[in-house]
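# Survey of secondary and tertiary structure
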Amino acid sequence: MSTTPPALLVAGHGTRDEGGAEAFRAFVRELGRRNPELPVAGGFIELSPPPLGDAVTELVEQQVRRFAAVPLMLVSAGHAKGDIPAALAREKERHPGISYTYGRPLGPHPSLLSVLERRVDEARGDWAREDVTVLLVGRGSTDPDANAEVYKAARLFWEGRGYAGVETAFVSLAAPDVPSGLDRCVNLGARRVVVLPYFLFTGILPDRVRQQAEDWTAAQTGTEVRCADVIGPEEELLELVMERYREALRGDLRMNCDSCVYRVALPGFEDKVGMPQQPHFHPDDDGHHHHHGSGHHHGHAHSH
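Report follows, based on the coordinates. (Residues numbered from 1 in each chain as written. Predicted model: local features only at pLDDT ≥ 70, side-chain atom pairs only at ≥ 80, totals over all residues. Heavy atoms only, no water.)

### A few points about the overall build of the protein
A tally of regular secondary structure across the protein gives eight helices and eight strands. Sorting the 304 residues of the protein into buried and exposed places 55% on the buried side. Look at the contacts in the protein between residues 6 or more apart in sequence, and 75% of them connect residues 24 or more apart. Accessible area of the protein: about 13,100 Å², with a carbon and sulfur share of 51%. (Helix = DSSP H or I, 4+ residues; strand = E, 2+ residues; numbered from the N terminus. Buried < 20%, exposed > 50% of the residue type's maximum accessible area, 1.4 Å probe, protein only. Contact = heavy atoms within 4.5 Å. Areas by Shrake-Rupley, 256 points an atom, 1.4 Å probe, with all protein chains shown as cover.)

Here is the structure:
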């Protein structure tokens, strides 16, 4: 009987930005370096190599039969709820005899809030904290539960840190967008705003956040805006992925299902309750080079 622990499979969203894709791959390599007793592999749902299926094959070729999949994502939107479980179900068919458990997304974990605080401190420079309004900008989703998670992160980030305020915006698929978020900050009296991208690594969407903030700032006077960096491959992030891995092995998932459109009839989303999972299409990542199913149909396949 092998004493090798279950492998760690890291599932990424994917990006057309090669720097962002390489940041993910380097992060996975670092996880492997830090945990030499553990088989570690990582892959993407879409847009960039390697695909998740290749990562599973890599593990199977190392004689891995059990693994825990951790989504390297801040919020549980369609990819975490549907696309990754659907992809893993396909891999189970392709590789008879493997079994896996599925971890939960990363945020808004207190350790990541600490990294965000560092990013704001780096960006605000000589501005006093109590003079700074933070605009936390998430990816944005058609899933109201996922968008609410970004608001939750913003509220938790506000608590006890002494900022003038923390507001929320999204770069795609959900309102308010970045210019509207900045308008809101001004309407609430902000004169100094730090735009804080709620993203793990660099990529097309974080770049878009910065560009939209710069364009907004150039078109008006009276409000100073500085942009913070993404979270990045920090110590806290490496440790959190391992925490999610251990959680998945214990079966201690505590997934947030209370306000999930696939379990609860939310206004305007009643048709989604109980729908089966299928991979889905994300229109705002600057195009897709392969076909996805058109439906946002996801179940909760927590472990198999």
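### Remarks on the side chain of Arg25
By the secondary structure assignment, Arg25 is in helix α1 (residues 18-34). Judged by its relative accessible area of 17%, Arg25 falls in the buried class. Engagement of the side chain of Arg25 in a polar contact is seen with the side chain of Glu18, the distance being 2.4 Å. Ignoring sequence-local partners within four residues, the contact set of Arg25 consists of Glu18, Phe44, Pro49 and Pro50. (Polar contact = N/O pair within 3.5 Å; in protein donor to acceptor, adjacent residues only side chain to side chain.)

### Digging into the sheet that holds strand β1 (residues 7-12)
Strand pairs in the sheet, formed through backbone hydrogen bonds, run parallel or antiparallel to each other. Read across the sheet, four strands follow the order β2-β1-β3-β4 without closing on themselves; strand pairing throughout is parallel. Where the open sheet ends on each side, the last strands, each with one partner, are β2 (40-44) and β4 (99-102). Within the sheet, the average angular offset between the axes of one strand and its neighbour, ignoring direction, is 25 degrees. Bridging between β1 and strand β3 (residues 66-71) involves five bridges; their strand directions are parallel. When the bridges of β3 are listed, Leu9 appears paired with Ala69. Sheet strands in contact with α1 are β1 and β2, and its direction is about 165 degrees off that of β2. Seen against the sheet, helix α2 (residues 52-61) touches β1, β2 and β3 and runs at an angle of roughly 160 degrees to β2. (Pairing = 2+ DSSP bridges. Axes fitted to C-alpha atoms, helices over the stretch in contact; angles between N-to-C directions.)

### What about the nonpolar core?
Grouped together as the largest cluster of nonpolar side chains are 50 residues, with contacts concentrated most on Leu8, Leu31, Leu72, Leu106 and Phe157. Looking at this core, the element that brings in the most residues is helix α8 (residues 235-250), giving seven residues. (Core = buried A, V, L, I, M, F, W, Y, C linked by side-chain atoms within 4.5 Å.)

### Topic: the environment of Ala213
Structurally, Ala213 is set in helix α7 (residues 204-218). Owing to a relative accessible area of 1%, Ala213 belongs among the buried residues under this scheme. Sequence spacing of Ala213 and Pro179 is 34 residues, and the spatial spacing of their C-alpha atoms is 6.9 Å. Non-local contacts of Ala213, meaning those with residues more than four positions away in its chain, are made with Val178, Leu182, Val195 and Cys227.

From the geometry alone we can't say anything about function, so treat these as descriptive.
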